[in-house]
Amino acid sequence: MTDYTPPKVWTWDAENGGQFAKTNRPIAGPTHDKPLPRGEHRFQLHSLATPNGVKVTVMLEELLEAGHAGAEYDAWPIRIGDGDQFGSGFVDINPNSKIPALLDTQTDTRVFESASILLYLAEEFDAFLPKDRKARTEAMNWLFWLQGSAPYLGGGFGHFYAYAPEKFEYPINRFTMEAKRQLDVLDRNLADREFLNGPDYTIADMATAPWYGALVKDQVYGAAEFLQADSYTNVQRWADTVMNRPAYQRGRMVNRLFGDPSEQLHERHAASDFDSQTQDKIGKGNA
């Protein structure tokens, strides 16, 4: 690796390479006028089935599975490779131009950042958060642990291992060490617990499984062997428990535009959409 000396003032090189280079930019705000579609349900979700997006669709499907009919939602895909996140309508809901973004049409409340959406829905339906203060705090501990840790996994390890235009030893080693440390944190916590906060399945599990569960199951970055994921036996057991739940299986399909076509549901407007899930029938409207 050649030495690099940073200039006194950084300038933006729009051709800096990498899988997402064309959509990354150092300024905020919309790039084009594009209103968002609106369905019939109270909750309008605009997202993509990345780990952060899956958190929220799993939560919505879990709420419906638990009998909360008021959690019905319309899910619309945001094609981040095409820059949909910079459309004016999306930026109105999330000025940070990141998925997922939720609009509660009943209260005209915008909710952005995945953990904020999970907490908003948990409080709205009094579900998937313990009522006991100590147990609730432990669930929140792990939710915020995930929010602070996942950027090292995705933006650090995942980027340099899987997406960067060139492989460099230093950043891969740096972020591999941190990814494995985080997996060890989880593994030790789950040694005598069924779920992250103990006996309760909570939004902390829903937030963490699409990242670290998917990692050890080799569903992201293709790095399970590299990270010796099989050695984290407690994380593996927990991932099986969470990711085999029917609501999780449905949630991970919503707004999925990649992978096996049988696992993609580009838009979701009713539970019956999962039954009629073929490439010709999904994607009503702008999919």
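Residues numbered from 1 in each chain as written. Predicted model: local features only at pLDDT ≥ 70, side-chain atom pairs only at ≥ 80, totals over all residues. Heavy atoms only, no water.

A. Here's a closer look at the nonpolar core. Grouped together as the largest cluster of nonpolar side chains are 68 residues, with contacts concentrated most on Met-59, Leu-121, Ile-203 and Trp-238. For this core, the element with the highest residue contribution is helix H6 (residues 203-216), accounting for ten residues. If near-sequence neighbours (up to four positions away) are discounted, Ile-203 is found in contact with Met-59, Leu-118, Leu-119, Ala-122, Phe-128, Leu-129 and Leu-143. (Core = buried A, V, L, I, M, F, W, Y, C linked by side-chain atoms within 4.5 Å. Buried < 20%, exposed > 50% of the residue type's maximum accessible area, 1.4 Å probe, protein only. Helix = DSSP H or I, 4+ residues; strand = E, 2+ residues; numbered from the N terminus. Contact = heavy atoms within 4.5 Å.)

B. Highlighting the confidence of the model for the chain. With 92% of its residues at a pLDDT of 70 or more, the chain shows a mean pLDDT of 93. With pLDDT under 50 throughout, residues 279-287 is counted as low confidence; its partners more than four residues away or in other chains account for 23 contacts. (pLDDT = per-residue confidence, 0-100.)

C. A look at the packing of aromatic side chains. Scanning the model with the defined rule gives twelve aromatic pairs in all. Seen in terms of ring centroids, Trp-145 and Tyr-212 are 5.4 Å apart; in terms of plane orientation they differ by 45°. Their pairing is tilted. With Trp-145 in helix H4 (residues 133-163) and Tyr-212 in helix H6, the pair connects residues that are 67 residues apart, well separated along the chain. For the pair shown, Trp-145 and Tyr-212 are each scored as buried. A centroid spacing of 6.2 Å and a plane angle of 20° characterise the contact between Phe-157 and Phe-226, whose relative ring orientation is stacked. With Phe-157 in helix H4 and Phe-226 in the loop between H6 and helix H7 (233-243), this residue pair connects regions lying 69 residues apart in the sequence. Phe-157 gets classed as buried once you look at its relative accessible area, which sits at 1%. Given the relative accessible area of 37%, Phe-226 is considered partly exposed. Taken together, the ring pairs connect Phe-157, Tyr-161, Tyr-163, Tyr-221 and Phe-226 into an aromatic cluster. Lys-167 extends its terminal NZ or CZ atom over the ring of Tyr-161, reaching a point 5.8 Å from the ring centre. Taking the ring centre of Phe-175 as reference, the NZ or CZ of Arg-174 above it sits at 5.7 Å. (Phe/Tyr/Trp six-rings, centres within 6.5 Å; stacked < 30°, edge-to-face > 60°. Lys NZ or Arg CZ within 6 Å of the ring centre and 35° of its normal.)

D. View of H6. End to end, H6 covers 19 Å across 14 residues, agreeing with the expected 20 Å (1.5 Å per residue, within 8%). At Ala-209, H6 shows its largest kink, close to 55°, and the proline Pro-210 lies no more than four residues downstream. The buried count for H6 comes to 14 of 14 residues, which makes it a mostly enclosed element. The distance from a side-chain oxygen at the start of H6 to the backbone nitrogen of Ala-204 is 3.1 Å, and the residue carrying that oxygen is Thr-202. Asp-218 sits one or two residues past H6 and shows a positive phi near 60°. (Expected span 1.5 Å × (residues − 1). Bend = angle between axes of the 7 residues up to and from the residue. Polar contact = N/O pair within 3.5 Å; in protein donor to acceptor, adjacent residues only side chain to side chain.)

E. Quick peek at the side chain of Arg-42. Structurally, the position occupied by Arg-42 is in the segment before strand E1 (43-47). Using a relative accessible area of 15% as the deciding quantity, one classes Arg-42 as buried. Within the structure, Arg-42 has its side chain in polar contact with the side chain of Asp-104 (distance 2.8 Å). Among the polar contacts made by the side chain of Arg-42, one reaches the side chain of Glu-124 at a distance of 3.1 Å. Not counting the four nearest positions on each side in its chain, Arg-42 is found in contact with Glu-72, Leu-103, Asp-104, Thr-105, Gln-106, Thr-107 and Glu-124.

F. Structural detail: the pattern of salt bridges. In the structure shown here, the tally under the stated rule is 15 salt bridges. Here Lys-34 makes a salt bridge to Asp-84, at a shortest N to O gap of 3.3 Å. Separated by 50 residues along the polypeptide, Lys-34 in the segment before E1 and Asp-84 in the loop between strand E2 (73-77) and helix H2 (88-93) bring together distant segments of the chain. Given the relative accessible area of 32%, Lys-34 is considered partly exposed. Glu-138 is the partner of Arg-193 in a salt bridge, and the nearest nitrogen-oxygen pair spans 2.8 Å. Remark: Glu-138 occurs in helix H4 and Arg-193 occurs in the loop between helix H5 (169-189) and H6; sequence separation between them is 55 residues. Residues joined by salt bridges that share partners form a network here, namely Glu-61, Glu-65, Glu-72, Arg-250 and Arg-268. (Salt bridge = Lys/Arg side-chain N within 4 Å of Asp/Glu carboxyl O.)

G. Spatial organisation of the UniProt feature "domain: GST C-terminal" (unreviewed entry) in the chain. Feature annotation in UniProt places "domain: GST C-terminal" (unreviewed entry) on residues 135-261, given in this structure's numbering. In the segment residues 135-261, helix accounts for 64% and strand for 0%; the C-alpha atoms at its two ends are 40 Å apart. (UniProt positions renumbered as here; feature names shortened; annotations may be inferred.)

H. Expanded view of the sheet that holds E1. Taken together, the four strands give an open sheet; going across it, the order is E2-E1-E3-E4, and neighbouring strands pair in mixed fashion. Of all the strands in the sheet, the pair left with one neighbour each is E2 and strand E4 (109-112). The sheet shows a mean angle of 20° between the axes of neighbouring strands, taken without regard to direction. With respect to the sheet, helix H3 (residues 114-125) is in contact with E1, strand E3 (101-104) and E4, its orientation differing from that of E4 by roughly 130°. (Pairing = 2+ DSSP bridges. Axes fitted to C-alpha atoms, helices over the stretch in contact; angles between N-to-C directions.)

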